[in-house]
Amino acid sequence: MGIRQFFNRLQQTTKQESVACYHCGEQVSLRRVVRADFNGASRELCCHGCAAVLMMIETNGLIDVYLSNKSPVKPVS
Ligand SMILES: [Zn+2]
């Protein structure tokens, strides 16, 4: 394998290893992702804070409200 192919492969791998948080859209490494069941499916989240929010929404029966208000990704910094 040439060095170029190696880096291409490395880049692809890195891309696949990160996923957007279901709640806030923050990119999170698959090794650090937090999973929580929400609305009947397993969701990938960046932290336990986002998992707690989803849990609270589901517990309070606010899933429909949440989904209809779900806004485009806003960067948090
Ligand atoms: Zn998040």
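Given the structure is predicted, the values throughout are model-derived calculations rather than measurements.

Draft legend 1. Spatial organisation of the overall build of the protein. Along its length, the protein carries three helices and four strands. Moving toward the C terminus, one meets the helices and strands of the protein in the order α-β-β-β-β-α-α. Considering only residue pairs separated by 6 or more positions, the protein has 24% of its internal contacts joining residues 24 or more positions apart.

Draft legend 2. Spotlight on unusual backbone geometry. Within the chain, Asn39 stands out as a residue other than glycine whose phi angle is a positive 55°. Tracing the backbone through its elements, the reader meets Asn39 in the loop between β3 (34-38) and β4 (41-45).

Draft legend 3. Seen up close, helix α2 (residues 48-59). Given a rise of 1.5 Å per residue, 12 residues ought to cover 16 Å, and the 16 Å separating the end C-alpha atoms of α2 matches this to within 8%. Of the residues trailing α2, Gly61 is marked for its positive phi of about 65°.

Draft legend 4. Structural detail: the nonpolar core. Cys21, Tyr22, Val28, Leu45, Cys46, Cys50 and Ala51 together form the largest nonpolar core, which totals seven residues. Sequence-distant contacts of Leu45, that is, excluding residues within four places in its chain, are made with Cys21, Tyr22, His23, Val33, Val34, Ala36, Cys50 and Ala51.

Criteria and cut-off values
- Residues numbered from 1 in each chain as written.
- Predicted model: local features only at pLDDT ≥ 70, side-chain atom pairs only at ≥ 80, totals over all residues.
- Helix = DSSP H or I, 4+ residues; strand = E, 2+ residues; numbered from the N terminus.
- Contact = placed C-beta atoms within 7 Å.
- Expected span 1.5 Å × (residues − 1).
- Core = buried A, V, L, I, M, F, W, Y, C linked by C-beta atoms within 7 Å.
- Buried ≥ 20, exposed ≤ 12 C-beta atoms within 10 Å, placed from the backbone.

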